[in-house]
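This is what each chain is made of:
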Amino acid sequence: MIHRALALLVAALALGCGDPDLWARWNAERDLWRARRIVQRFQINPRLATPSDYQEAIEAYAAVERRFPLSAWATPERARHRLAREVAMLSGDAVIAGGRLEEARERPDVSLEIYGRAARGLEALPAMRVKALLAQLALLDRSGDSTRAHTVTVEIARTAPTVDPEDGEPIEVAVAAPLRVAAELRARGMEAAADSALRAAESRLAAATAHPARSPAQSAVLWRGLGRVRAARPGGLDAGVEAVRHPLTTLPPPPQPVRAQLVLTLAELCAAGGRIDSALAYTTWGARFGGETKKRAMLMAAQVWEPVNRDSAIAGYDRYIEEFRRVGPTMPARFRRAELLEEQGKWEAARAEFRSLATSSATDTLALRALERIVTHHLRVGEREMGRIEAKRALEAMDHLLTTVHDDDTLLRIRQLRARLLLDIGGSAPAARADTP
Amino acid sequence: MRMSVLEQIVLGFQSLGYALRQIARPSLWTPWLFVLAVQIAALAFLWGFAHPAVSWLAAPLLRRVAGEDALHYPALFLHLPALYGPADLLVGALLGAVAAGASTALFGAWFAGQPLRASQGLRRAASRAAALVIANLPATLFLFGFTALLDRPLSNPDAPGLLLRSAPLITFVVAVVLQGWFLWVNPLLMLGRRGLVETFALLGETARHGLWTGLTLAILATLPLLPIQFLLGAADRIVDQGTPETVGWLLVLQTLIALVSAFALTGASALAYQSIVGPALEDA
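Residues numbered from 1 in each chain as written. Chains lettered and ligands numbered in written order. Predicted model: local features only at pLDDT ≥ 70, side-chain atom pairs only at ≥ 80, totals over all residues. Heavy atoms only, no water.

Caption draft 1: Molecular detail of the overall build of chain A. For chain A, the helix and strand inventory stands at 22 helices and zero strands. With respect to the principal axes defined by its C-alpha atoms, chain A has extents near 100 × 55 × 45 Å. Considering chain A as a whole, with its 437 residues, one finds that 48% of them fall into the buried category. With 63 positive and 56 negative side-chain charges, chain A shows a spacing of 2 Å between the two charge centroids. (Helix = DSSP H or I, 4+ residues; strand = E, 2+ residues; numbered from the N terminus. Buried < 20%, exposed > 50% of the residue type's maximum accessible area, 1.4 Å probe, protein only. Lys, Arg positive; Asp, Glu negative; His and termini not counted. Charge placed at Lys NZ, Arg CZ, Asp CG, Glu CD.)

Written out as structure tokens, the structure is:
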């Protein structure tokens, strides 16, 4: 008996009757981990990264793809098996990561080709395919290629699943993409096509919300998406608000963070639809959730007031800044308050705010913009001498920053602003010099 | 004749030194090589769980013991010390006890000037396998029980800081005392040819004559393992640094050091037994 059991054990070990896909997943995870470590090594200080560092990392990612090609692992047949599907996803991740590195090497054409290849190879894994398309879209957006970006957005809107088949979690882009497609089509005057895109998304989301096996949180997020899509259709605000409200009135209730999201979405929809009172009521409700929701709700309340009552909007920003000045940066709110004050003709108060912004966090984008705003205000109202004095003061501040800042992006922003100021006060030759290191 | 504390401590050092000088004798190593083979096989089984040769058995086992997370790279290496620990304990309690018995017999014969062949030592130990396993079990069980007991307050987030800081030291002291107390069971069984009940009954008497030698040997044998155990305590940081396999290699190193320690401890205990404890018991 013992001999027979031992013989069976030896035979099992020799033949290897375990799952080869588990072994493949283990190796794919290990290879991808090692490739990511190479990237992390030089991402600590990208300025010191050499072309060979990038090449090594790209090679490591490419090796994952070569060992576990999408053509073999991401087929519809294999994608039905969990482990094989995970191997395909790891390989897809490696391909996309390789594309991102090509982006970092400033080779956008190669990146686009890689993302496109990944998207084609991942046809059988729609959630993963969306990742490749999103990477492609982000790159096209950055490069300003709106035509191709629109094509990719349409593709995402058409194919993105509403929920991730792996874990049932709603996929945000399944809502965001059709909304963007519709907005872009409307901007071109193609109302019918825009409505058609929204209708298609609406029917997919409605089907997803009807699925009985969703958790209250997943269901609520889908209802929220459905509401946003419905509200974007002409005359669809009521239906949209109704859809977002639906999970707030059903049992069991979704968890508090999701409820907070729903309330903020209601505020957004009402604000966008011009229902100021409702929007303000929802922001007041949202502020009761506390934390980040309170922050967003209070900021939104100030923004809701802007088109109807500037004083109330400024008071809203006052309340927001007073509430959150100790817990985090309030620069965008302070900048907007200063802009509103300037628009109201309260220049002294606005200038004090701009100046305070410029000195409180000197390298922040808004601090630099605040410097510029002071100069441009004087030039716009014809106070040329005052403008020159303020510009001189701003240029001195920037010269100091150029000697102390080492971050490439910040240095570029400072030089660009410097060039603009020099142009504003009349000096194209110094301006041209200012924009170069 | 009873030796003073200092004499016992010196004897401990001398016995250990003499045992270590036998490290190059292959015949004395034979019993331990079986233990090493099984330990390395256990580690390879866990480390290579995903290979089709073993995954049919290893993967469900790992999933059951450590959860789905343990089946992924590099998470396995975070779980590996905790997974290998019980396997190592089991191998030590069963095979290790018999190997210690065989090694004690081989060392005893070597020191008596009548060396045995490795197979003879193994046969002698095999004939007393049950007694050896049972005799070595209390030290393991007491230590296991103590660490389980200590884990309860330590896992409490409000555990006092002093307790958290001193826990490794407390565990070390308890392990040393247990090992020092039960050190003589193998010589009593294999060299003194005592019965199991008699062996336990004589432990008090052996402590009267050789407690400090036992404690000295236990401390010296445990010390080399501390740095590795300290490093394995930081497995999460090792994995984060990007070299997860290091955790596996540290376990291999720990196994090797533990084996050399066990080899030296067995040899030294056999020598010390023949020098003072055995004769003192005969006199009594």
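Caption draft 2: Here's a closer look at the interface of chain B and chain A. At the junction of the two partners, chain B supplies 24 residues and chain A supplies 19 residues. Buried area between chain B and chain A, both sides added, is near 1,700 Å², and the carbon and sulfur share of it is 66%. Here chain B and chain A share two salt bridges between them. Where chain B meets chain A, there are nine residue pairs in polar contact (both at pLDDT 80 or more). For the side of chain B that touches chain A, the secondary structure elements donating two or more residues are α3 (52-66), α4 (75-111) and α11 (235-240) of chain B. Its residues assigned to classes, the side of chain B that touches chain A comprises 15 nonpolar, five polar and four charged. (Contact = heavy atoms within 4.5 Å. Buried area = accessible area lost by both parts, 1.4 Å probe. Salt bridge = Lys/Arg side-chain N within 4 Å of Asp/Glu carboxyl O. Polar contact = N/O pair within 3.5 Å; in protein donor to acceptor, adjacent residues only side chain to side chain. Nonpolar A, V, L, I, M, F, W, Y, C, P; charged D, E, K, R; others polar.)

Caption draft 3: Expanded view of the nonpolar core. A:F42, A:Y61, A:L101 and A:I156 are the most contacted members of the largest nonpolar core, which totals 69 residues. Core analysis: the second largest hydrophobic core is formed by 39 residues, A:M298, A:V375, A:L401 and A:L422 among them. (Core = buried A, V, L, I, M, F, W, Y, C linked by side-chain atoms within 4.5 Å.)

Caption draft 4: Up close: a nonpolar patch on the surface. Residue and element names in this part refer to chain B. Nonpolar side chains collect at one region of the surface, where F34, V38, L90, L94 and L95 lie side by side and expose about 450 Å² of accessible area between them. Of all the secondary structure elements, the ones that give two or more residues to the nonpolar patch are α2 (26-47) and α4. Along the chain, L94 turns up in helix α4. Judged by relative accessible area, which is 47%, L94 ranks as partly exposed. (Patch = residues over 30% accessible without salt bridge, like charges linked within 9 Å, V, L, I, M, F, W, Y side chains within 5 Å. Areas by Shrake-Rupley, 256 points an atom, 1.4 Å probe, with all protein chains shown as cover.)

Caption draft 5: The pattern of salt bridges, seen in detail. Residue and element names in this part refer to chain A. Taken as a whole, this structure holds 54 salt bridges over all chains when the rule is applied. D93 is the partner of K131 in a salt bridge, and the nearest nitrogen-oxygen pair spans 2.7 Å. Taken as a pair, K131 in helix α7 (residues 126-143) and D93 in helix α5 (residues 82-104) lie far apart in primary sequence, 38 residues in all. With a relative accessible area of 38%, K131 lands in the partly exposed category. Taking the relative accessible area as the measure of exposure, D93 reaches 17% and is therefore buried.

Caption draft 6: Focus on empty space enclosed by the protein. Residue and element names in this part refer to chain A. Within this structure, the stated rule accounts for one cavity of 30 Å³ or more. For the largest cavity, the calculated volume is near 70 Å³. For the largest cavity, the full set of lining residues is T162, P170, I171, E172, V175, L205, V221, L222, R224, G225 and R228. A per-element tally of the lining of the largest cavity places helix α11 (residues 216-232) first, with five residues. Residues that form the lining of the largest cavity fall into these classes: six nonpolar, two polar and three charged. (1 Å grid on protein atoms, 1.4 Å probe; cavity = no way out; pocket = protein on both sides within 12 Å on 5 of 7 lines; lining within 4 Å. Points joined across faces, edges and corners; volume = space filled by probe spheres on them.)

Caption draft 7: The arrangement of unusual backbone geometry in detail. Along the chain, B:Y73 connects to B:P74 via a cis peptide bond; the corresponding omega equals 0°. In the Ramachandran plot, A:E106 falls in the positive-phi region, its phi being about 60° despite a non-glycine side chain. Mapped onto the fold, A:E106 is located in the loop between α5 and α6 (108-121).

Caption draft 8: Expanded view of helix α15 (residues 291-305) of chain A. Residues and elements named next belong to chain A. Taking 1.5 Å of rise per residue, the 15 residues of α15 would be expected to cover 21 Å, and the 22 Å separating its terminal C-alpha atoms lies within 8% of that figure. Taken as a whole, α15 has its buried residues at T293, K295, A297, M298, M300, A301, A302 and V304. For α15, the secondary structure elements touched by its buried residues are α13 (256-272), α14 (276-287) and α16 (310-324). (Expected span 1.5 Å × (residues − 1).)

Caption draft 9: Region of the structure containing the packing of α4(B) against helix α5 (residues 118-127) of chain B. All names here are of chain B. Orientation of α4 relative to α5, taken along the N-to-C sense of each, is 130°, at an axis distance of 8 Å. As far as their axial angle goes, α5 and α4 are oblique. Handedness of the α4/α5 crossing: right-handed. Contact residues: α4 offers V98, G101, A102 and L106, while α5 offers A118, G121, L122, A125 and A126. Tallied by class, the residues present in the contact of α4 with α5 amount to seven nonpolar, two polar and no charged. (Axes fitted to C-alpha atoms, helices over the stretch in contact; angles between N-to-C directions. Parallel < 35°, antiparallel > 145°, perpendicular 65-115°, else oblique. Left-handed = near helix turned anticlockwise from the far one by under 90°.)

Caption draft 10: Here's a closer look at the packing of helix α2 (residues 20-43) of chain A against α5(A). All names here are of chain A. Two elements in contact, α2 and α5, have axes separated by 9 Å at closest approach and are oriented at 20°. Between α2 and α5, the crossing angle belongs to the class labelled roughly parallel. In this structure, the crossing between α2 and α5 has a hand that is left-handed. The segment α2 lies against α5, with D21, L22, A24, R25, A28, E29, L32, R36, V39 and F42 engaging R82, L83, A84, E86, V87, L90, D93, A94 and L101. When its residues are assigned to classes, the contact of α2 with α5 shows twelve nonpolar, no polar and seven charged.

Caption draft 11: View of the confidence of the model for chain B. Mean pLDDT over chain B works out to 91, with 99% of the residues at or above the 70 mark. At the level of chain-chain contacts, confidence expressed as ipTM amounts to 0.85, with global pTM at 0.78. (pLDDT = per-residue confidence, 0-100.)

Caption draft 12: Examining the side chain of A:T209 more closely. All names here are of chain A. Within the element layout of this structure, T209 appears in helix α10 (residues 191-209). With relative accessibility at 12%, the residue T209 sits in the buried group. When near neighbours in sequence (up to four residues on either side) are disregarded, T209 contacts L222, W223 and L226.

Caption draft 13: Up close: the side chain of B:N186. Residues and elements named next belong to chain B. Residue position: N186 is located in helix α8 (residues 185-190). On the basis of relative accessibility, which here comes to 8%, the residue N186 falls in the buried class. With sequence-adjacent residues up to four places away left out, N186 is seen in contact with A100, T104, L132, N136 and L191.

Caption draft 14: Representation of the packing of aromatic side chains. Using the criterion set out here, one finds 18 aromatic pairs over all chains in the structure. Consider the rings of B:W47 and B:W249, whose centres lie 5.2 Å apart with planes at 70°: the pair is edge-to-face. Taken as a pair, B:W47 in helix α2 and B:W249 in helix α12 (residues 245-283) lie far apart in primary sequence, 202 residues in all. A relative accessible area of 56% places B:W249 in the exposed class. Taking 6.3 Å as the distance between ring centres and 35° as the angle between the ring planes, the aromatic pair formed by B:F142 and B:F182 counts as tilted. With a gap of 40 residues between them, B:F142 in helix α6 (residues 129-154) and B:F182 in helix α7 (residues 161-182) connect regions that are remote in the sequence. In this structure an aromatic cluster arises from ring pairing among A:W26, A:W33, B:W47, B:F49, B:Y73, B:F77 and B:W249. A:R78 extends its terminal NZ or CZ atom over the ring of A:W73, reaching a point 3.9 Å from the ring centre. The lysine or arginine in question, A:K295, covers the ring of A:F324, its NZ or CZ lying 5.9 Å from the ring centre. (Phe/Tyr/Trp six-rings, centres within 6.5 Å; stacked < 30°, edge-to-face > 60°. Lys NZ or Arg CZ within 6 Å of the ring centre and 35° of its normal.)

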